[in-house]
Amino acid sequence: MKTICTSIAICVLLALGSVAHAQDSAAGAPAAGAPADAAAAKAPALPAWIQEINDRPWDTGGTFWLPTKASLQADSDFMFYAVLALSLFFLTGITAFVVYFTIKYRHRPGHKAEPSSHHNDALEITWSVIPTIICVFLFIGGWDGYVSMQTRPAEPLLIKVTAKKWVWDFEYPNGWHSPNLHVPIDQPIELQMTSLDVLHAFYVPPFRVKQDIVPRRYTYIYFTPSRLGTYRLYCAEYCGMNHSLMKEKAFVHEAATWQRFIDEAKAAEQNMDPKDLGKMVWEKKGCIACHTIDGGAKVGPTWKGSWGQQVKLTDGTTATVDAAYVRTSIMEPQKQLQPGYPPSMPTYAGQLSEAEINGVAAFIESLK
Ligand code: CUA
């Protein structure tokens, strides 16, 4: 009886685990038209076809259990369903027998317990061989999927990923940076990932890949996109107050379109009006997580109407919000703090070009 109870407990846990995991994934399939698209819609002038792609809603397809398959790694879905089916089979089977035996052999007046045998070879071989076959099957399937995700492909396309509170930065081979992931179809991808502050995690449910991102070291992910489309990209590790803002898009392009996309997007940003470039930096580099442009307070002071103002600093002095103040705040954020705001901004030294820093100042100036 003890063994049966333990088996039931394990099966119930397995089944619950499968259900909970699947619901995570199902919840991961996002609702169409969520607010993250609003920022993209307001982005400054980019070539129309690039803007059109940026504005595409993410794919919401898939089954009740799992979102759309969009990479070769999603072929391991079969194992998920196998584990789920096994769990349900044993959960219902064992539960049914427990209920049946409990009723059949219950204690009642005048009922004499039947003698039970000490040993039954056929039974013991059956309950040893069948679970062994199941375990080997699960191991082989799991190992196959694991190796496919952990092995560096022969000639991967390398994209460098930097995560920080609370923004993604994807750096492409042509030097272009984007908060979104753009990859060509049928091309093995290598993501080399690091964090500038705390733990984050890269997660694109349709690609079936998820990996922690750790400060001061690199972690890697390999996958081969196999379906054109736009998918949600998440941070899957709670990384502080605005963790939920770290959701972006993963685009799978045709190979030729991909190259043209990253080249034209890069060129467009280089030729952009400073004010527009500053606005794009605000949206793309994470400023938006803490600074509003409508006068409301967030983690940091609003940018609206701040240009030219005298502000009090925590060291008792005052400063004027001008290009020099903006520059210092970007490079050494803790140096000129305003009272009432936490010293939580990371430095952007080395991460913004001169044009982008000037662009931020121009954008703030335009928000009078
Ligand atoms: Cu980054 Cu959660």
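Now for a description of the structure that goes with this document. (Residues numbered from 1 in each chain as written. Predicted model: local features only at pLDDT ≥ 70, side-chain atom pairs only at ≥ 80, totals over all residues.)

Quick notes on the overall build of the protein
Reasoning step 1: A tally of helices and strands in the protein yields 9 helices and 12 strands.
Reasoning step 2: A burial count over the protein gives 26% of its 368 residues as buried. (Helix = DSSP H or I, 4+ residues; strand = E, 2+ residues; numbered from the N terminus. Buried ≥ 20, exposed ≤ 12 C-beta atoms within 10 Å, placed from the backbone.)

Digging into the pairing of strand 6 (residues 200–204)
Reasoning step 1: Among the 5 residues of strand 6, 5 are classified as buried, and the element is accordingly described as predominantly covered.
Reasoning step 2: The antiparallel hairpin formed by strand 6 and strand 7 (residues 209–213) contains 4 residues in its connecting segment, where R208 sits at a positive phi of about 60°.
Reasoning step 3: In this structure, strand 6 lies alongside strand 9 (residues 229–235), joined through 2 bridges in antiparallel fashion. Bridge assignment links F202 to a residue of strand 9, and that residue is C235. (Pairing = 2+ DSSP bridges.)

Re the sheet that holds strand 4 (residues 181–184)
Reasoning step 1: Sheet architecture is open: 5 strands sit in the order 4-10-9-6-7, paired in mixed fashion. Two strands close off the open sheet at either side, each with one partner strand: strand 4 and strand 7. Mean inter-strand twist for the sheet, computed between neighbouring axes without regard to direction, equals 20°.
Reasoning step 2: In terms of strand pairing, strand 4 meets strand 10 (residues 248–253) through 4 bridges, oriented parallel. Looking across to strand 10, one finds that L181 is bridged to A250. (Axes fitted to C-alpha atoms, helices over the stretch in contact; angles between N-to-C directions.)

A closer look at the pairing of strand 5 (residues 189–195)
Regular strands place side chains that alternate from one sheet face to the opposite one.
Reasoning step 1: Residues of strand 5 alternate between two faces, with I189, L191, M193 and S195 buried on one and E190, Q192 and T194 left unburied on the opposite face.
Reasoning step 2: Here strand 1 (residues 157–164) pairs with strand 5 via 7 bridges, running parallel. What sits directly across from L157, in strand 5, is I189.
Reasoning step 3: Relative to strand 8 (residues 219–223), strand 5 is paired through 5 bridges, and the arrangement is antiparallel. In the sheet register, L191 faces strand 8, and the bridge partner there is I221.

Points about the sheet that holds strand 1
Reasoning step 1: Overall, mixed pairing links the 5 strands, which are arranged 3-2-1-5-8 in an open sheet. Edge positions in the open sheet fall to strand 3 (177–178) and strand 8, since each of these has one partner strand only.

Here we look at helix 8 (residues 323–331)
Reasoning step 1: Along helix 8, the residues that are buried comprise Y325, V326, S329 and I330. End-on view of helix 8: buried residues confined to an arc of 135°, all on one side of the axis.
Reasoning step 2: The elements touched by buried residues of helix 8 are strand 12 (318–320) and helix 9 (354–365). (Arc of directions from axis to C-beta. Contact = placed C-beta atoms within 7 Å.)

Thoughts on the packing of helix 8 against helix 9
The description of two packed helices rests on the angle between their axes and on the distance between the axes.
Reasoning step 1: Axis separation between helix 8 and helix 9 bottoms out at 9 Å; the angle between their running directions is 125°. Judged by the inter-axis angle, helix 8 sits oblique to helix 9. Remark: the crossing between helix 8 and helix 9 carries right-handed chirality. Contact residues: helix 8 offers A323, V326, R327 and I330, while helix 9 offers I357, V360, A361 and I364.
Reasoning step 2: Partitioned by chemical class, the residues of the contact of helix 8 with helix 9 number 7 nonpolar, no polar and 1 charged. (Parallel < 35°, antiparallel > 145°, perpendicular 65-115°, else oblique. Left-handed = near helix turned anticlockwise from the far one by under 90°. Nonpolar A, V, L, I, M, F, W, Y, C, P; charged D, E, K, R; others polar.)

Any functional reading would require information beyond the geometric quantities listed.
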